[in-house]
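# Overview (structure and organization)
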Number of protein chains: 2
Amino acid sequence: MNKVYVVGIGPGAYEQMTVKAAKVLGECEVIVGYTVYAELLKEHFPDKEYMTTPMRQEESRCRMAFEEAQKGRKVSMVCSGDSGIYGMAGLMLEIGKNYPDVEVEVIPGVTAALGGASILGAPLGHDVCLISLSDLMTPWAVIEKRLVSAARGDFVICIYNPSSRKRKGYLARACEILLRYKDRETVCGIVRNIARSGEEREVLTLGQLKDTEADMFSTVFVGSSETRVVSGKMVTPRGYKAEKEPVR
Amino acid sequence: MNKVYVVGIGPGAYEQMTVKAAKVLGECEVIVGYTVYAELLKEHFPDKEYMTTPMRQEESRCRMAFEEAQKGRKVSMVCSGDSGIYGMAGLMLEIGKNYPDVEVEVIPGVTAALGGASILGAPLGHDVCLISLSDLMTPWAVIEKRLVSAARGDFVICIYNPSSRKRKGYLARACEILLRYKDRETVCGIVRNIARSGEEREVLTLGQLKDTEADMFSTVFVGSSETRVVSGKMVTPRGYKAEKEPVR
């Protein structure tokens with residue numbers, strides 16, 4: 001049976017993809033993806049045929065992948081981070097209904113929450129919510145309801161798509177909502193360009209985060225009430241109870 | 001400076017770890033970890049010194065890693081899945097305050113939510129909460145508050161540690177709480193032994209999940225109101241709006 005792979009390539013650097021992802025990309029003939037990710041991959045997989053579409057043309061991109069797979073070619077659809085978290089896996093499965101002779105295999109990858117967390121320290125040590133601030137495909141009322149619920153549940157919150165050219169001020173708006181429920185001193189973090197050139201991290205308070213600019217390559221972390229700063233890193237303890245020490 | 005790595009090895013199979021994680025493990029002399037994960041690694045990294053402690057002895061395990069690193073040896077502390085999500089990164093950073101001459105580097109990995117999701121289809125296509133049902137280190141009241149908040153926010157919910165020998169019935173209890181807010185027909189999924197032998201997946205309703213046994217090697221997914229079954233897979237659409245098709 002013909003097969004198409006949906007591959008999460010991790011946050012950017014080749015080394016952040018899984019061994020499986022690297023193997024699948026190495027073996028396939030055609031790599032389909034958003035232009036920016038294709039460029040990241042060309043350095044490591046130069047001898048592939050690349051097919052790209054710009055942002056907002058996700059459905060045509062999927063059909064392109066299925067049509068190549070139907071010809072019997074080995075095809076990978078690539079996504080930054082994970083293939084499932086705000087990725088293309090769901091749309092590929094939906095559109096795959098029209099291509100019953102092509103099997104879809106989903107290959108997971110390190111999503112920005114995990115990649116960014118490793119740079120900040122260990123902000124995701126306990127229960128966490130991922131929320132995207134993009135209202136291109138989700139009404140703002142739903143986003144607001146999720147921010148409120150996440151704050152009420154005292155989750156660590158990882159914010160995807162905190163800003164874009166058309167959505168300036170969304171992060172500040174989200175912080176204002178969170179500040180109704182959470183302390184101004186709540187420990188937060190922001191990471192830019194995870195595992196790419198220009199990688200930057202900052203640990204700050206929720207009050208400060210409200211006045212901070214994020215761009216579309218930023219991932220934002222808002223701590224729970226337990227999150228603290230440990231040697232400059234953002235840490236949410238899992239809450240291991242002290243062990244009984246052996247007498248020395 | 002001496003260095004210790006906290007490495008997320010992914011859900012189990014060698015191929016699910018990142019290229020970076022495989023490289024770091026290949027280069028280090030000592031691998032410290034929970035007994036079960038050490039056994040998984042020995043096949044691929046046979047020429048290492050393995051130091052293990054059983055479960056519940058996480059603090060001694062961390063000190064062991066730092067003490068080896070202080071001798072100038074290259075040491076990795078390994079965690080299943082990601083190093084940060086319910087992993088050892090936070091505790092390592094905390095205990096690292098006592099070893100200021102040892103630097104801690106956190107290497108992320110594919111956590112069970114991502115690995116399990118790829119097997120079920122694409123359940124995590126939109127905003128998601130991760131909640132652990134383990135009350136070893138978290139009061140049940142906090143867990144309940146988070147389940148309620150996640151349900152009110154209509155998040156997809158990924159449940160870690162749904163059960164253990166001492167915590168039979170916790171998943172049913174969690175489902176009962178969720179059923180106060182969510183439809184019985186909500187699409188759910190359960191994955192056992194992700195990327196290991198005995199891997200199994202099941203797509204079912206929340207009503208059915210309540211009467212399903214999970215074990216400590218299971219990861220459970222409870223859909224949002226948008227989650228649906230597509231060709232037998234569990235899919236939460238990101239909600240891409242239909243594109244304008246070019247005239248053909």
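All right, on to the sheet that holds strand 5 (residues 102-107) of chain B then. Residue and element names in this part refer to chain B. Sheet architecture is open: five strands sit in the order 3-2-4-1-5, paired in parallel fashion. Two strands bound the open sheet, and with one partner strand each, they are strand 3 (49-53) and strand 5. The sheet shows a mean angle of 20° between the axes of neighbouring strands, direction not considered. Sheet topology places strand 2 (residues 30-34) next to strand 4 (residues 75-79); three bridges connect them, and they run parallel. In the sheet register, valine 30 faces strand 4, and the bridge partner there is valine 75. Those strands touched by helix 1 (residues 19-27) are strand 1 (2-8), strand 2, strand 4 and strand 5, and its axis lies near 135° from that of strand 1.

Moving on to the side chain of Ser134(B). Residue and element names in this part refer to chain B. Note on placement: serine 134 falls in the loop between strand 7 (128-132) and helix 6 (140-152). The exposure class assigned to serine 134 is buried, which follows from its relative accessible area of 8%. Here leucine 136 takes part through its backbone nitrogen, which lies 3.4 Å from a polar atom of the side chain of serine 134. Beyond its immediate sequence surroundings of up to four residues, serine 134 is in contact with Ile143, Asn161 and Arg167.

Further remarks concern the packing of helix 6 (residues 140-152) of chain A against helix 6 of chain B. Remark: helix 6 of chain A packs on helix 6 of chain B, axes separated minimally by 8 Å, with the N-to-C direction vectors making an angle of 175°. In terms of orientation, helix 6 of chain A lies roughly antiparallel with respect to helix 6 of chain B. Counting all contacts with helix 6 of chain A, which are made through Lys145(A), Ser149(A) and Arg152(A), the residues of helix 6 of chain B involved are Lys145(B), Ser149(B) and Arg152(B).

Attention now goes to the relation of the copies chain B and chain A. With an axial shift of 0.0 Å and an RMSD of 0.0 Å, the rotation relating chain B to chain A amounts to 180°. These values place the two chain copies in the arrangement generated by a two-fold rotation axis. When the interface residues of chain B are mapped onto chain A, 100% of them again fall at the interface, so both copies present the same face.

What follows concerns the packing of helix 6 of chain A against helix 7 (residues 170-179) of chain A. Residue and element names in this part refer to chain A. Close contact between helix 6 and helix 7 brings their axes to 9 Å; oriented N to C, the two are set at 45°. Classified by the interaxial angle, the pair formed by helix 6 and helix 7 is oblique. Judged by the sense of rotation from one axis to the other, the crossing of helix 6 with helix 7 is right-handed. Along the contact surface, helix 6 presents Trp140, Glu144, Leu147, Val148 and Ala151, while helix 7 presents Tyr170, Arg173, Ala174, Ile177 and Leu178. Per-class residue counts for the contact of helix 6 with helix 7 are eight nonpolar, no polar and two charged.

Among the nonpolar cores identified, the biggest contains 54 residues, and Leu209(A), Val222(A), Leu209(B) and Val222(B) are the most heavily contacted of them. In this structure, Val222(B) is in contact with Phe155(B), Val156(B), Ile157(B), Ile159(B), Leu178(B), Lys182(B), Thr186(B), Val187(B), Cys188(B), Leu206(B), Leu209(B) and Met234(B), ignoring residues within four places of it in sequence. Counting residues in hydrophobic clusters, the runner-up holds 41 residues, among them Val156(A), Val110(B), Ala117(B) and Leu124(B).

Here we come to the sheet that holds strand 8 (residues 156-160) of chain A. On the basis of which strands lie adjacent, the open sheet formed by 10 strands has the order 10(A)-9(A)-11(A)-8(A)-7(A)-7(B)-8(B)-11(B)-9(B)-10(B) and mixed pairing. Both edges of this open sheet fall to strand 10 (200-205) of chain A together with strand 10 (200-205) of chain B, since each of them pairs with a single strand only. Taken over all neighbouring pairs, the strand axes of this sheet differ in orientation by 15° on average, direction set aside. Summarising the sheet, strand 9 (residues 187-192) of chain A and strand 10 of chain A pair through six bridges and their orientation is antiparallel. Following the sheet pairing, Arg192(A) is matched in strand 10 of chain A by Glu200(A). Along the sheet face, helix 6 of chain A touches strand 7 (128-132) and strand 8 of chain A and points at about 160° away from the line of strand 7 of chain A. Sheet strands touched by helix 6 of chain B: strand 7 and strand 8 (156-160) of chain B. Its angle to strand 7 of chain B, the strand with the most contacts, is close to 160°.

Criteria and thresholds
- Residues numbered from 1 in each chain as written.
- Chains lettered and ligands numbered in written order.
- Predicted model: local features only at pLDDT ≥ 70, side-chain atom pairs only at ≥ 80, totals over all residues.
- Heavy atoms only, no water.
- Pairing = 2+ DSSP bridges.
- Helix = DSSP H or I, 4+ residues; strand = E, 2+ residues; numbered from the N terminus.
- Axes fitted to C-alpha atoms, helices over the stretch in contact; angles between N-to-C directions.
- Contact = heavy atoms within 4.5 Å.
- Buried < 20%, exposed > 50% of the residue type's maximum accessible area, 1.4 Å probe, protein only.
- Polar contact = N/O pair within 3.5 Å; in protein donor to acceptor, adjacent residues only side chain to side chain.
- Parallel < 35°, antiparallel > 145°, perpendicular 65-115°, else oblique.
- Least-squares fit on C-alpha atoms with pLDDT ≥ 70 in both.
- Left-handed = near helix turned anticlockwise from the far one by under 90°.
- Nonpolar A, V, L, I, M, F, W, Y, C, P; charged D, E, K, R; others polar.
- Core = buried A, V, L, I, M, F, W, Y, C linked by side-chain atoms within 4.5 Å.

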